[in-house]
Amino acid sequence: MAVTRTFSIIKPDATRRNLTGAVTKMLEEAGLRVIASRRIRMTRDQAEGFYAVHKERPFFNDLCTFMTSGPVVVQVLEGENAVLRNREVMGATNPAQADEGTIRKAYAESIEANSVHGSDSDENARIEIDFFFKPEEIVG
Ligand code: ADP
Ligand code: MG
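The structure displayed is predicted, hence computed values, not measured ones.

Visitor: Tell me about the nonpolar core, and please be specific about residues and values.
Guide: Formed by 22 residues in total, the largest nonpolar core has its most connected members in Phe7, Ile9, Met42, Met67, Val74, Phe132 and Phe133. Mapped by element, the contributors of at least two residues to this core are strand 1 (3-10), strand 2 (33-40), helix 3 (44-50), helix 4 (60-67), strand 3 (72-80) and helix 7 (122-132). With five residues, the single largest contributor to this core is helix 4. For Phe7, the contacting residues outside a window of four places in its chain are Phe50, Val74, Gln75, Asn86, His117, Gly118, Ser119, Ala125, Glu128, Ile129, Phe132 and Phe133.

If you want it as structure tokens, here you go:
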């Protein structure tokens, strides 16, 4: 298996409850290494651009409002098969369906306020990393 990269966001519901460290610990324990990290307040433009694939979905407007409602921590993660590994430790989108031991099972408040984002493919990981980070900000 190859060492690859993925993109993660610790969402406003988690930063509000001071869970940045707790979430990052679960990512690290899953074998992922944080090789870039920045705490930001997303602008509406950034949220709408980042989630553009969902713009026709009924939850798009609320999702952009939620993602701009407080600080987020954007991260690049590196590890063996990072996209899949991160999706496994994140758990299902809906925390009611998330497995024990996952971040969303432990911390998510709802299907919207579900504590973390993770890229769903290597190609999207590259696009999402480029959306938030310059190459020199990533130190692997
Ligand atoms: P994931 O984050 O697991 O990849 P999606 O890409 O399908 O999930 O959705 C992006 C985000 O939109 C979710 O993480 C969640 O915050 C929000 N979301 C998804 N589905 C719903 C829904 N039915 N109602 C409200 N918000 C949703
Ligand atoms: Mg997704």
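Visitor: So, the sheet that holds strand 4 (residues 116-118): which residues are in play, and what are the values?
Guide: Here four strands make up an open sheet; going across it, the order is 2-3-1-4 and the pairing antiparallel. This sheet does not close on itself; its edge strands, each paired only once, are strand 2 and strand 4. Looking at each pair of strands side by side, their axes are set apart by 20° on average, direction ignored. Note that strand 1 and strand 4 share three bridges and pair antiparallel. Bridge pairing in strand 4 places Ile10 opposite Val116.

Thresholds applied
- Residues numbered from 1 in each chain as written.
- Chains lettered and ligands numbered in written order.
- Predicted model: local features only at pLDDT ≥ 70, side-chain atom pairs only at ≥ 80, totals over all residues.
- Heavy atoms only, no water.
- Core = buried A, V, L, I, M, F, W, Y, C linked by side-chain atoms within 4.5 Å.
- Buried < 20%, exposed > 50% of the residue type's maximum accessible area, 1.4 Å probe, protein only.
- Helix = DSSP H or I, 4+ residues; strand = E, 2+ residues; numbered from the N terminus.
- Contact = heavy atoms within 4.5 Å.
- Pairing = 2+ DSSP bridges.
- Axes fitted to C-alpha atoms, helices over the stretch in contact; angles between N-to-C directions.

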